[in-house]
Amino acid sequence: MIKDITIGQYFPGKSPIHRLDPRVKILLTLGYIVMLFVAQNAWSLGLGIVFGLAAYLLSRIPLTMIVKSLKPVVPVILFTAALNMIFVDGETVFQLWVLKITREGIHTAVFMAVRIICLIAGTSLLTYTTSPIALTDGIERLMGPLGRFHFPVHELAMMMTIALRFIPTLIEETDKIMSAQKARGADLETGGLMQRARALIPILIPLFVSSFRRADELALAMECRCYRGGEGRTRMKQLQMGPGDFAASAIVVGCIAGVIALNLLIP
């Protein structure tokens, strides 16, 4: 299960989505989130699903990556759906003692589950198609106006990107530590809740030690290369928006308008 977490991974490519300006991709991701949460019926949500699938097809990222990235959050999705089925009032479909499942609750649970799936898949596409360096530049340029108020824009963008970049590394390190502990006879999958919690201690301690060691090595490497950043920093690649960026922005705006129209036309 730990290997299925794909948050923060980057898959190099030359697709139309890869070639988009990172600033545009960040804004389009926010627009897609707005599209999902504005949707109020099956037709408007279906438009968001079609848009997400089209983006994955254009990016040439295997659709199996969606399934792989969703495996770790399946328990959260099921728990959220169960709460909606139980606590939403409406026409009763099934009742067991005080637990009552309603028709409206089932509809809300399915709608919410699909929305969460699309949200995770859509936001994951940003890191799949954008390198950490490009993502840092995009965040820094978008937050640039805050620098006039002495806000540490570059430092914040760098911290966010480094944290995102090291997620796959920490996942790989966790998997190695778990395999090593299992080889030593550690039981990580059986027992009660407290027993499983105690079994995590031999995993968390080496993971924290390894994380601090990596952070110290990264800081030392940046100092050895005289890295300063911030004001006066130059970039090898300058961000420039092209026709594809404007076309993608127009498509997202049109889809958001279509979602709003479907909400108004179809109750």
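Residues numbered from 1 in each chain as written. Predicted model: local features only at pLDDT ≥ 70, side-chain atom pairs only at ≥ 80, totals over all residues. Heavy atoms only, no water.

**Considerations on the overall build of the chain**
Phase 1 of the analysis: Secondary structure assignment for the chain yields ten helices and two strands.
Phase 2 of the analysis: Reading the secondary structure of the chain in the N-to-C direction produces α-α-α-α-β-β-α-α-α-α-α-α.
Phase 3 of the analysis: When each of the 267 residues of the chain is scored for burial, the buried share is 33%. (Helix = DSSP H or I, 4+ residues; strand = E, 2+ residues; numbered from the N terminus. Buried < 20%, exposed > 50% of the residue type's maximum accessible area, 1.4 Å probe, protein only.)

**Quick look at a nonpolar patch on the surface**
Phase 1 of the analysis: Taken together, Phe79, Leu83, Ile86, Phe87 and Leu99 make up a surface patch of nonpolar side chains, about 500 Å² in accessible area.
Phase 2 of the analysis: Per element, the largest residue contribution to the nonpolar patch is four residues, and it comes from helix α4 (residues 74-87). (Patch = residues over 30% accessible without salt bridge, like charges linked within 9 Å, V, L, I, M, F, W, Y side chains within 5 Å. Areas by Shrake-Rupley, 256 points an atom, 1.4 Å probe, with all protein chains shown as cover. Salt bridge = Lys/Arg side-chain N within 4 Å of Asp/Glu carboxyl O.)

**Quick look at the pattern of salt bridges**
Phase 1 of the analysis: Enumeration over the complete set of coordinates arrives at two salt bridges.
Phase 2 of the analysis: Of the charged contacts in the structure, one is a salt bridge between Arg23 and Asp21, with a shortest N-O distance of 2.9 Å. For the pair shown, Arg23 and Asp21 are each scored as buried.

**So, the packing of aromatic side chains**
Phase 1 of the analysis: One pass over the structure, following the stated rule, counts two aromatic pairs.
Phase 2 of the analysis: With 5.3 Å between their ring centres and 75 degrees between their planes, Phe11 and Tyr128 make a pair best called edge-to-face. Within this pair, whereas Phe11 is found in the segment before α1 (22-38), its partner Tyr128 is found in helix α5 (residues 103-128), the two being separated by 117 residues in sequence.
Phase 3 of the analysis: Given the relative accessible area of 26%, Phe11 is considered partly exposed. (Phe/Tyr/Trp six-rings, centres within 6.5 Å; stacked < 30°, edge-to-face > 60°.)

**Structural notes on the packing of helix α7 (residues 153-183) against helix α9 (residues 201-224)**
Phase 1 of the analysis: Following both chains from N to C, one finds α7 and α9 inclined at 140 degrees, their axes separated by 10 Å at the closest point. In terms of orientation, α7 lies oblique with respect to α9. As α7 runs across α9, the sense of the crossing is right-handed. For the pair α7 and α9, contact is made by Ile162, Phe166, Thr169, Leu170, Glu173, Thr174, Ile177, Met178 and Gln181 and by Pro202, Ile203, Pro206, Leu207, Ser210, Ser211, Arg214 and Leu218, respectively.
Phase 2 of the analysis: Among the residues making up the contact of α7 with α9, the classes are represented as ten nonpolar, five polar and two charged. (Axes fitted to C-alpha atoms, helices over the stretch in contact; angles between N-to-C directions. Parallel < 35°, antiparallel > 145°, perpendicular 65-115°, else oblique. Left-handed = near helix turned anticlockwise from the far one by under 90°. Contact = heavy atoms within 4.5 Å. Nonpolar A, V, L, I, M, F, W, Y, C, P; charged D, E, K, R; others polar.)

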